[in-house]
Amino acid sequence: MTQSDQDPWLLTPGPLTTSIETKQAMLHDWGSRDATFIETNRRVLDRLIAIAGGAGSHVCVPVQGSGTFAVEATLGTMIARNDKALVLVNGAYGSRMVKILEYAGRPCVTLETPEDTPPGLDDLDAALKADAAITHVVAVYCETTSGIRNPIEDIARISADNGRALIIDAMSAFGALELDAKNVPFDAMMASSNKCLEGVPGMGYAILRRSALEQCKGNAHALSLDLYDQWMAMEGNGQWRFTPPTHVICAFDAALDQFDAEGGQEGRLQRYSANCKILIDGMRELGFETLLPDDLQAPIIVTFKMPADPAFDFQAFYDALGKRGYLIYPGKLTVAPSFRIGCIGHLGETEMRGALDAIRDTLGEMGVTSGNSGGAPAA
Ligand SMILES: *Cc1c(COP(=O)(O)O)cnc(C)c1O
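Presented here is an overview of the structure given in this document. Since we're looking at a predicted model, the values are computed, not measured.

Considerations on the side chain of Glu 143
Then step 1. Here Glu 143 is to be found in strand β6 (residues 142–143).
Then step 2. Side-chain polar atoms of Glu 143 contact the side chain of Thr 145, separated by 2.5 Å.
Then step 3. The residues touching Glu 143, leaving out its near neighbours within four places in the chain, are Asn 90, Gly 91, Ala 92, Tyr 93, Gly 94, Ile 148 and Asn 150.

Some thoughts on the side chain of Asp 131
Then step 1. With respect to the secondary-structure elements, Asp 131 resides in the loop between α5 (121–130) and β5 (136–140).
Then step 2. A polar contact is formed between the side chain of Asp 131 and the side chain of Lys 84, at a distance of 2.6 Å.
Then step 3. Residues in contact with Asp 131, not counting those within four places in the same chain, are Lys 84 and Arg 164.

Some details on the sheet that holds strand β10 (residues 203–209)
Then step 1. Across the sheet, seven strands lie side by side as β2-β10-β9-β8-β5-β3-β4; this open sheet has mixed pairing. Either end of the sheet is taken by a strand with one partner, and the two such strands are β2 (58–64) and β4 (108–112). Here the average twist between neighbouring strands, direction ignored, is 20°.
Then step 2. The pairing of β2 with β10 spans seven bridges and is antiparallel. For Val 63, the partnering residue across the bridge sits in β10 and is Gly 204.
Then step 3. Relative to the sheet, helix α3 (residues 67–78) contacts β2, β5, β8 (165–169), β9 (188–192) and β10, its axis offset from that of β9 by approximately 160°.
Then step 4. Against the sheet, helix α4 (residues 92–104) touches β3 (85–89), β4, β5, β8 and β9, its axis set at about 155° to β3.

Criteria and cut-off values
Residues numbered from 1 in each chain as written. Predicted model: local features only at pLDDT ≥ 70, side-chain atom pairs only at ≥ 80, totals over all residues. Heavy atoms only, no water. Helix = DSSP H or I, 4+ residues; strand = E, 2+ residues; numbered from the N terminus. Polar contact = N/O pair within 3.5 Å; in protein donor to acceptor, adjacent residues only side chain to side chain. Contact = heavy atoms within 4.5 Å. Pairing = 2+ DSSP bridges. Axes fitted to C-alpha atoms, helices over the stretch in contact; angles between N-to-C directions.

Okay, structure coming up:
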């Protein structure tokens, strides 16, 4: 993979490293009412619906901003003021959705588990059976806080069996982890141009069940975040209501070409899984420990426990890796001190091995003998 000379490799949850082709697709200006642009916009939305397996049943409605804007728009549009949400929380992104619902004044309860623990499926079933007022289950597919893959197929089945709608924050999963509306029934799923589809940041979107969205007129608490209104307007004239992120959309179209060429979701999952394995194997050789057991780990971002060696200093470690061209990410956990290394974006084996070399060099420079969080020397 090639990269213009001085850009660092982004081993983070986003923004992510993008390809030269994706960046080059932005070297133009487009009018928002221009026929070519309107066509590109339509094509991008159709491609997203197809990736989600929603052709015929679902529509795609975009919104300007980062992923959180799409989450806030979706929750506010799909959940009416007299509905009630049950949010499954095991990390910061689940908690953020609770905060969004509180801002919007939507009744909401939570089912919370620690950051290294998936939601209890029996508990979910019992919570739904105990409270008939709950209309929507709200879940995070890959909780980027830890990198855990939540059991979305089971959550969808239990929600459907209990006759409740499901809303999925699939931000860091969509395009890499399997998610097909035909097997995992959902009313809404949110993601962004960034993350696993490897576009540039600036646009979020929701894939919404058409029959559910049709009932959502007047729900939204904010005009700019009203996905029903955005949908109606775009159905009418193909245009965004307000200035569209033209460059983001055209770059996204190019990124989706590369996604197709790589073999779609399966191809991407394969590359990210290989990246993740190289990373975890290499880090374990250096004594580091992952927060999660391998069977809960999504091949998206990996949480490592902070080494106990007194010579280790995270800020110095971070800065030294940055100087070598690799940006990692601080931890966001409450359960344990940690840091994170992502394996998504336009990265492959060369970059993952390069990152491990940089980590090994940096540890040597710092005089750290092992990455082990218990302080024991590496085996
Ligand atoms: C990245 C991410 C978001 C959105 O974050 P933004 O910073 O607003 O783009 C939401 N949920 C999850 C699970 C994410 O990984």
